[in-house]
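# Architecture at a glance
Given next are the chains, with one letter for each unit.
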Amino acid sequence: MERGIFYWIGFLLQEFWPNFWKGTLITIQISVLGTVLGFLLGFLIGIFYSTPAHPNDNTAKKILLRFEKALCLIYVNVFRGTPMMVQAMIIYYGLRTYGVAITSFIAAILVVLLNTGAYMAESVRGAIHAIDNGQFEGGKAMGMSHLKIMMSVVMPQVFRNLIPEMGNQFITNLKMTSVLNVVGISELYFVTKTTANIYYKYFEAFLITGMIYLVLCTLASQLLKLLEKKMAGKNEYEIAAEYLVQ
Amino acid sequence: MAIITVSHLSKSFGKNEVLKDIDFCISKGEVVCVIGSSGSGKSTLLRCMNLLEIKTSGTVSFHDKEIGGSQRRVNEYRSKVGMVFQSFNLFNNMNVLQNCMSGSRKVLGRSKQESKTLAIKYLKKVGMAPYINAMPAQLSGGQKQRVAIARALTMEPEVLLFDEPTSALDPEMVGEVLAVMKELAAEGLTMVIVTHEMAFARDVSDRTIFMDQGVIAECDVPERLFTNPSNPRTKEFLTRFIAS
């Protein structure tokens, strides 16, 4: 008698759950680490990129600023303009042939990080532009340096406005890690493929994996929504009664 | 003794010359109001004094020392010369108290406790102390402007520059902001005020400047400037203002 889909799903889960579990963990590790580090890189580059040249700056500083900006531009263009899979091949196998051997785990994180950084850099740059110039002028008029204005006034606002974008990026990364199986890292997709091969049960095995991805992405988006809510602050404020004049 | 001296100041935006060879100084305890039609260069003059606009030529001096050169010196100067904007420019990510403490903590390096004490002292003066927990978005325009004044005062500046502080407010709110400014004037704070409030300018200023097409057309005590101006342009401007 032919056994049904649900039998095989149950069977695969029962027999191979440790594989799925390990694969899921690795997928989470790569995407969380890669995304968080990528955000940091993106924020740094976004800030660098939007540093205004000051007319009082000396020539050396102006040239350095130009050089930094050119470097940022090249980086963003290269990583947005090439497929993640190609980058993974170059970073893992390519570097290996020239004696730079990194583990596939590090290579995977590096690829996710550099990609996220490139996309985030552009988003951060846009978000900084969107901040009202009055916020900068308010700080300047008090004597704050550009860095202080950025750190205490502009970036907190930029960060809050970018949470939805960060959510997008994180979810994309969760799914995009599946292409990193080309460097032989046993993340969720890779694990599923090997598991499915044993009994030729592709439909069932990938149905399980699809569900896992779906759950991960839903959880991630809920978490970010929670963060967004928390960052938005309260709608009401309390009157400081001790300062009320009778 | 002049605190700020502006000499031969010119400013062009492209080919458009907005300020032409301005000479002007402000002494301790003085209240100077700058009036004039829109586009006459009043705000640009004020912004040049705080180096928010970069002058084309001329000098701005603070206690007879020219301001410019390194960014550090510019920032130090700005910390001693407060500015209140038309659009308030409160920091949207901070509540009222944090707004007022920010400069004191981050620029002057005062302790948290000292900054808080000072912030509350000045928030009380402008009548906004009960609102320390509010975010700027939760306040009315007049309240925002009073907080902005308190924020500038917390830096304890030597001079306070006002760039049309009531122009973005409805008539009822104008009153509450002007009342605060009148009180400050009475206490002897040195102020330069760009304004369209003629009655206010006449009442509080020690000297009134009338600007027209990028030059100081007339500078006199308000008693004379408002009742018996010597420049025909001043007369024209004032009649139109009184008529409207």
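So, here is what we can say about the structure in this document.

Cut-offs used in this document
- Residues numbered from 1 in each chain as written.
- Chains lettered and ligands numbered in written order.
- Predicted model: local features only at pLDDT ≥ 70, side-chain atom pairs only at ≥ 80, totals over all residues.
- Heavy atoms only, no water.
- Helix = DSSP H or I, 4+ residues; strand = E, 2+ residues; numbered from the N terminus.
- Rg over C-alpha atoms; globule rule 2.2 N^0.38 Å.
- Buried < 20%, exposed > 50% of the residue type's maximum accessible area, 1.4 Å probe, protein only.
- Contact = heavy atoms within 4.5 Å.
- Areas by Shrake-Rupley, 256 points an atom, 1.4 Å probe, with all protein chains shown as cover.
- Lys, Arg positive; Asp, Glu negative; His and termini not counted.
- Charge placed at Lys NZ, Arg CZ, Asp CG, Glu CD.
- Salt bridge = Lys/Arg side-chain N within 4 Å of Asp/Glu carboxyl O.
- Patch = residues over 30% accessible without salt bridge, like charges linked within 9 Å, V, L, I, M, F, W, Y side chains within 5 Å.
- Pairing = 2+ DSSP bridges.
- Axes fitted to C-alpha atoms, helices over the stretch in contact; angles between N-to-C directions.
- Phe/Tyr/Trp six-rings, centres within 6.5 Å; stacked < 30°, edge-to-face > 60°.
- Lys NZ or Arg CZ within 6 Å of the ring centre and 35° of its normal.
- Polar contact = N/O pair within 3.5 Å; in protein donor to acceptor, adjacent residues only side chain to side chain.
- Parallel < 35°, antiparallel > 145°, perpendicular 65-115°, else oblique.
- Left-handed = near helix turned anticlockwise from the far one by under 90°.
- Nonpolar A, V, L, I, M, F, W, Y, C, P; charged D, E, K, R; others polar.
- Core = buried A, V, L, I, M, F, W, Y, C linked by side-chain atoms within 4.5 Å.

## What to know about the overall build of chain A
- For chain A, the helix and strand inventory stands at eight helices and zero strands.
- Along its sequence from the N terminus, chain A presents helices and strands in the succession α-α-α-α-α-α-α-α.
- Against the 2.2 N^0.38 benchmark of 18 Å for 246 residues, chain A shows a C-alpha radius of gyration of 24 Å, more extended than a compact globule.
- Overall, chain A is about 85 × 65 × 20 Å in size when its C-alpha atoms are taken along their principal axes.
- When burial is assessed residue by residue, chain A has 43% of its 246 residues classed as buried.
- Nonlocal contacts in chain A, meaning residues at least 24 apart in sequence, comprise 77% of its contacts between residues at least 6 apart.
- Roughly 14,100 Å² of accessible area belongs to chain A as shown, and the carbon and sulfur atoms make up 67% of that amount.
- Separation between the mean location of the 19 positive side-chain charges and that of the 14 negative ones in chain A comes to 6 Å.

## Describing the pattern of salt bridges
Residue and element names in this part refer to chain B.
- Scanning the entire structure with this criterion turns up twelve salt bridges over all chains.
- The residue Arg202 makes a salt bridge to Asp203 at a minimum N-O spacing of 3.8 Å.
- A residue is classified by how much of its surface remains accessible, and Asp203, at 48% relative accessible area, is partly exposed.
- The residue Arg233 makes a salt bridge to Glu236 at a minimum N-O spacing of 3.5 Å.

## Notes on a positive patch on the surface
Residues and elements named next belong to chain B.
- A contiguous patch of positive charge on the surface is contributed by Arg105, Lys106, Lys112 and Lys116.
- Within the residue set of the positive patch, elements represented by two or more residues are helix 3 (96-106) and helix 4 (112-125).
- Locating Lys106 in the fold gives a position in helix 3.

## Focus: the sheet that holds strand 6 (residues 81-84) of chain B
Residues and elements named next belong to chain B.
- Spatial strand order, 6-7-8-3-9-10: six strands in an open sheet with mixed pairing. Of all strands in the sheet, those with a lone pairing partner are strand 6 and strand 10 (215-220), marking the two edges. Each strand of the sheet is rotated relative to its neighbour by a mean of 20 degrees, with strand direction disregarded.

## A word on the packing of aromatic side chains
- Going through the model one piece at a time under the given rule, you end up with 13 aromatic pairs over all chains.
- Residues Tyr7 of chain A and Trp8 of chain A carry aromatic rings whose centres are separated by 5.4 Å and whose planes lie at 85 degrees to one another, so their mutual orientation is edge-to-face.
- An aromatic cluster of at least three residues, connected via ring pairs, comprises Tyr7, Trp8, Phe11, Phe16 and Tyr199 of chain A.
- Note that Lys11 of chain B overlies the ring of Phe13 of chain B, its terminal NZ or CZ placed 4.7 Å from the centroid.

## Quick word on the side chain of Asn173 of chain A
- Position of Asn173 of chain A among the secondary structure elements: in helix 6 (residues 146-176).
- Apart from the residues lying within four places of it in its own chain, the contact partners of Asn173 of chain A are Ser31, Thr35, Val112 and Thr116 of chain A.

## Considerations on helix 3 of chain B
All names here are of chain B.
- Of all the eleven residues making up helix 3, eight are buried; the element is thus mostly covered by neighbouring parts of the structure.
- Residues of helix 3 that are buried include every one of Val96, Leu97, Asn99, Cys100, Met101, Ser102, Gly103 and Ser104, and no others.
- With a side-chain oxygen lying 3.1 Å from the backbone nitrogen of Leu97, the N-terminal cap of helix 3 falls on Asn95.

## Quick look at the packing of helix 1 (residues 5-49) of chain A against helix 7 (residues 188-199) of chain A
Residues and elements named next belong to chain A.
- In contact at an axis separation of 8 Å, helix 1 and helix 7 are set at 155 degrees when each is read in the N-to-C sense. One element, helix 1, and the other, helix 7, form an angle in the roughly antiparallel class. In this structure, helix 1 crosses over helix 7, and the sense of that crossing is right-handed. Counted together, Trp8, Phe11, Leu12, Phe16, Asn19, Phe20, Gly23, Thr24 and Thr27 of helix 1 and Leu188, Val191, Thr192, Thr195, Ile198 and Tyr199 of helix 7 form the full contact between these two elements.
- For the contact of helix 1 with helix 7, the class distribution of residues is nine nonpolar, six polar and no charged.

## Some words on the packing of helix 3 (residues 84-97) of chain A against helix 4 (residues 104-130) of chain A
Residues and elements named next belong to chain A.
- With their axes 9 Å apart at the nearest point, helix 3 and helix 4 run at an angle of 135 degrees to one another. What the angle tells us is that helix 3 and helix 4 run oblique. Considering how the two elements wind past one another, helix 3 and helix 4 form a crossing that is right-handed. Along its contact with helix 3, which presents Met84, Gln87, Ala88, Ile91 and Tyr92, the element helix 4 presents Ser104, Ala107, Leu110, Val111, Val112, Leu114 and Asn115.
- The class makeup of the residues in the contact of helix 3 with helix 4 is nine nonpolar, three polar and no charged.

## Focus on the nonpolar core
- Grouped together as the largest cluster of nonpolar side chains are 52 residues, with contacts concentrated most on Ile35, Leu123, Ile149, Phe162 and Met191 of chain B.
- Considering each element in turn, this core owes the most residues, eight residues, to helix 6 (residues 171-186) of chain B.
- Ranked by size, the runner-up nonpolar core spans 42 residues in total, among them Val124, Met142, Phe170 and Ile171 of chain A.

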